[in-house]
Amino acid sequence: MQSYDIVVIGGGPAGLAAAAEAKKAGVDSILILERDHELGGILNQCIHNGFGLHTFKEELTGPEYAQRFMDEVFKLNIEYKLNTMVMDITDTKVVTAMNKTDGMFQIQAKAVILAMGCRERPRGALNIPGYRPAGIFSAGTAQRLVNIEGYMPGREVVILGSGDIGLIMARRMTLEGAKVKVVAELMPYSGGLKRNIVQCLDDYGIPLKLSHTVVDIEGKERVEGITIAEVGPDMKPIPGTEEHYSCDTLLLSVGLLPENELSKTAGVELSGITSGPIVNDSLETSVEGIFACGNVLHVHDLVDFVSQEAANAGRNAAKYVKEGSKPATKEIKINAVDGVRYTVPVTVRPNEMDDTVTVRFRVGAVYKNSAVAMYFGDEQVLKRKKQIMAPGEMEEVVIKKEELAKHPDISDITIKIEQA
C-alpha cells in the first residue's frame, strides 16, 4: 500500500487550491486524484467570463481561472493522477481508487481533503406529466455539448429553473443562434446571481417567469412543445394560467447537489440542509483528519470563494499532518435561525481557531431592507444592513478570535436576519 501525507480527491478549483496551499504550508507528500482526463474540473466548460475578480482582481474565463491554479500545482511539483476513480474512503483514511494503468490500488493517507464538487439535481424532470422524448437536457450537459463537444442541443429552447447555469445557457444558446423562448422558475425568486439575470436574460430580451413551472411536455420522438403554468403558494399549478410554447429543447436548471457518496462511505456526518459535510472552523468533518471544501461542502455562487475556502482547508490539513490532532478545549455551536438556512462552519473552537473565521450562509427567502445580525450568547455583536438578500447569493460574516476571547462563557453564536 502506498502512503501519502495528504490525498486530495478532486482536481477542480477546490482540489487544486487546497493542494497548492498545503504544499506551501510545508507538506511535500501530496497526491491529487481526478476522475476526468484533465485537471480544472467543471471550469473547463465555463467559457464565459466573470471569474477571478476577488482572487486575481481581473476578469477571467473559467478555463483561464483554472489554469492559474494548475500552473501553481505544476510549479510546486504536486503529484496527480488523472482518469482515476476513487471507489472508497475508510474512516482510517485508506483511499481505494482505480485507473487503467495502476488497476485497483490503495493509499494510506494521514489526511484527506474532499473536493469532489457538486452535480446537477435531476429531480425537476421526474414529476412533469407528458412523454420522455429526446431534447431534454440538464443545463450543465447542454453547456458541455456546446462549449466542449461542439454540438448544438436544439434551436428553440425553454429553460426550467433559474439557477446560474440555466441563466448562462440562456445567453449561450442565444449567441449560438438558438431562440430561447422563456425561463420558468417555480419559486417566487430566481436561484441565480442578480448580475446573471441582467447580463443573460434582460440584455437579450428573454422573459423570466417566476412562480411558474412546466406542466406538460409534448412530442414522442423529440420535444415539440412545452406548457407552463403559474403556481400558487402551495406550489400547485393554477388552472387557467397555462401558456404553450413550441420548442425542440427543454433545459433543466433545477439546482445543484454536493457530490457526497464517498463522504458517506467514510462515515462523515452530513447536513440535512446543504447535503454537504458538517465541519468546524478548520473545515474538518466529523471524521478526524478528513477535511472538506468547495461545492462538496455547500454550493457556492462564486469560484473565488471556493478557492479561498479550499486554501483554508489545505492549510489546516497540513497543520493536522504536522501537529496531529488536539482535542478541542471548547467548541461553540453556530445557530442559523430566522431566515438563515445554514452556516459553514457549524462550530468554532475559540482556542484553536485562526485569528478570523469567515462564516458563509444563505438566506431562505428574499429580504429587502433587512440586516444580518450576530449574537455571542444574548449579546448582539454585529448588525449589518443589507438592501437586498436572496437565496441565490451567498452571505458572510467574520468571527474574530479577539472578539470571542472577550466572551469566555458563551456556549453558542446565533446568526439571523432582523429588521433594519
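Note that this is a predicted model, so its numbers are computed, not measured.

Visitor: I keep staring at the overall build of the chain and nothing clicks. Help me out?
Guide: Counting its regular elements, the chain contains eight helices and 27 strands. Relative to the globule expectation of 22 Å for 420 residues, the C-alpha radius of gyration of the chain, 22 Å, shows essentially globular dimensions. With respect to the principal axes defined by its C-alpha atoms, the chain has extents near 65 × 60 × 40 Å. Burial analysis of the chain (420 residues in total) assigns 54% to the buried set. On the chain, roughly 18,700 Å² of surface is accessible, and the fraction owed to carbon and sulfur atoms is 50%. Averaging the coordinates of the 46 positive side-chain charges in the chain and doing the same for the 57 negative ones gives two points 1 Å apart.

Visitor: Just to check I follow, could you spell out the packing of aromatic side chains for this structure?
Guide: Each pair of aromatic rings is reported with the distance of its centres and the angle of its planes. Across all of its chains, the model carries five aromatic pairs by this definition. Geometrically, the ring pair formed by phenylalanine 56 and tyrosine 65 is edge-to-face, given 5.6 Å between the ring centres and 70° between the ring planes. Where tyrosine 65 meets phenylalanine 69, the ring centres are 5.3 Å apart and the plane angle is 45°; that geometry is what we call tilted. A residue pair is termed a helical-turn pair when its members lie 3 or 4 positions apart in one helix, as tyrosine 65 and phenylalanine 69 do in helix 2 (residues 62-75) at four residues. Grouping aromatic residues by their ring pairs yields a cluster made of Phe56, Tyr65 and Phe69. The ring of phenylalanine 56 carries arginine 68 above its face, with NZ or CZ at 4.9 Å from the centroid.

Visitor: For this particular structure, what's the right way to read the sheet that holds strand 16 (residues 243-246)?
Guide: In a beta sheet, neighbouring strands are held together by backbone hydrogen bonds and run either parallel or antiparallel to one another. The strand order 14-15-16 describes an open sheet built from three strands, whose pairing is antiparallel. Edge positions in the open sheet fall to strand 14 (212-218) and strand 16, since each of these has one partner strand only. Strand-to-strand twist in this sheet, taken as the mean axis angle between neighbours without regard to direction, amounts to 25°. In this sheet, strand 16 lies alongside strand 15 (residues 225-230) in antiparallel orientation, the contact comprising four bridges. Bridge pairing links isoleucine 228 to glutamate 243 in strand 16.

Visitor: Sorry if this is basic, but what is going on with the pairing of strand 23 (residues 356-363) here?
Guide: Regular strands have side chains that alternate between both faces of the sheet. In terms of residue burial, strand 23 counts as a mostly covered element, since six of its eight residues are buried. Inspection of the sheet shows strand 21 (residues 340-344) paired to strand 23 by four bridges, in the antiparallel sense. Within strand 23, the residue paired with valine 340 across the bridge is valine 363. For strand 23 and strand 26 (residues 395-400), the ladder comprises six bridges, and the chain directions are antiparallel. By the bridge assignment, phenylalanine 361 is partnered in strand 26 with glutamate 395.

Visitor: I'm lost on the nonpolar core in this one. Help?
Guide: Soluble globular proteins tend to pack their nonpolar side chains together in the buried interior. With 63 residues, the main nonpolar core has Ile6, Ile9, Ile89 and Leu114 as its most contacted residues. Residue contributions to this core peak at eight residues, all from helix 7 (residues 303-323). Excluding anything up to four places from it in sequence, isoleucine 89 contacts Ile9, Val94, Val95, Leu114, Leu262, Thr265, Ala266 and Ile290. One finds Val348, Val359, Leu404 and Ile410 within the second-largest nonpolar core, a separate group that totals 20 residues.

Visitor: How should I be thinking about the pattern of salt bridges in this particular structure?
Guide: Where charged atoms from two side chains of opposite charge approach closely, those side chains can pair. Per the stated rule, a full pass over the model turns up 19 salt bridges. The residue arginine 119 makes a salt bridge to glutamate 261 at a minimum N-O spacing of 3.8 Å. In this pair, arginine 119 is assigned in strand 9 (residues 118-120) and glutamate 261 in helix 6 (residues 261-265), connecting sequence segments 142 residues apart. Because the salt bridges share partners, they merge into one network encompassing Arg119, Glu259, Glu261 and Lys264.

Visitor: What exactly am I supposed to notice about the packing of helix 3 (residues 139-149) against helix 4 (residues 164-175) here?
Guide: Helix-helix packing: each pair is described by the crossing angle between the helix axes and the interaxial distance. Running from N to C, helix 3 and helix 4 point in directions that differ by 35°, and their axes come no closer than 9 Å. Regarding helix 3 and helix 4, the two cross each other, and that crossing is left-handed. For the pair helix 3 and helix 4, the contacting residues are Ala139, Gly140, Ala142, Gln143, Val146 and Asn147 in the first and Ile165, Gly166, Ile168, Met169, Arg172 and Met173 in the second. Among the residues forming the contact of helix 3 with helix 4, the class breakdown is seven nonpolar, four polar and one charged.

Cut-off values and rules
Every chain's residues receive numbers from 1 upward, in the order its sequence appears when written. Confidence filtering applies because this is a predicted model: local features only for residues at pLDDT of at least 70, side-chain atom pairs given and counted only at 80 or more, and all residues used for totals across whole chains, interfaces and linings. Excluded from the side-chain calculations are hydrogens and water; all other atoms, namely the structure's heavy atoms, are used. Counting from the N terminus, the helices are DSSP H or I runs at least four residues long and the strands are E runs at least two residues long. When we talk radius of gyration, it's over C-alpha atoms, and the globule rule is simply 2.2 Å times the number of residues to the 0.38. Only protein chains enter the accessibility calculation, which uses a 1.4 Å probe. A residue is then buried if its area is under 20% of the maximum for its type, exposed if over 50%, and partly exposed in between. Note on areas: Shrake-Rupley, 1.4 Å probe, and residue coverage restricted to the protein chains presented here. Here the positive residues are Lys and Arg and the negative ones are Asp and Glu; neither His nor the chain ends is included. For this purpose, a charge sits on NZ of Lys, CZ of Arg, CG of Asp or CD of Glu. Pairing of aromatic rings covers Phe, Tyr and the six-membered ring of Trp, with a centre-to-centre limit of 6.5 Å; geometry is then stacked below 30 degrees between planes, edge-to-face above 60, and tilted otherwise. In this scheme, the term charge over a ring applies when either NZ of a lysine or CZ of an arginine sits within 6 Å of the ring centre and within 35 degrees of the ring normal. A strand pair is defined by DSSP finding two or more bridges across the two strands. Every axis in this analysis is a line fitted to C-alpha atoms, fitted for helices over the stretch in contact. Angles between the N-to-C directions lie between 0 and 180 degrees. Think of a nonpolar core as a cluster: buried Ala, Val, Leu, Ile, Met, Phe, Trp, Tyr and Cys residues, connected wherever their side-chain atoms sit within 4.5 Å. Pairs of residues are marked as contacts when any of their non-hydrogen atoms sit within 4.5 Å. For salt bridges, the criterion is a side-chain nitrogen of Lys or Arg within 4 Å of an Asp or Glu carboxyl oxygen. Left-handed describes a crossing whose near helix is turned anticlockwise from the far helix by less than a right angle; the clockwise case is right-handed. Throughout this entry, Asp, Glu, Lys and Arg are counted as charged residues, while Ala, Val, Leu, Ile, Met, Phe, Trp, Tyr, Cys and Pro are counted as nonpolar. The remaining residues, Gly among them, count as polar.

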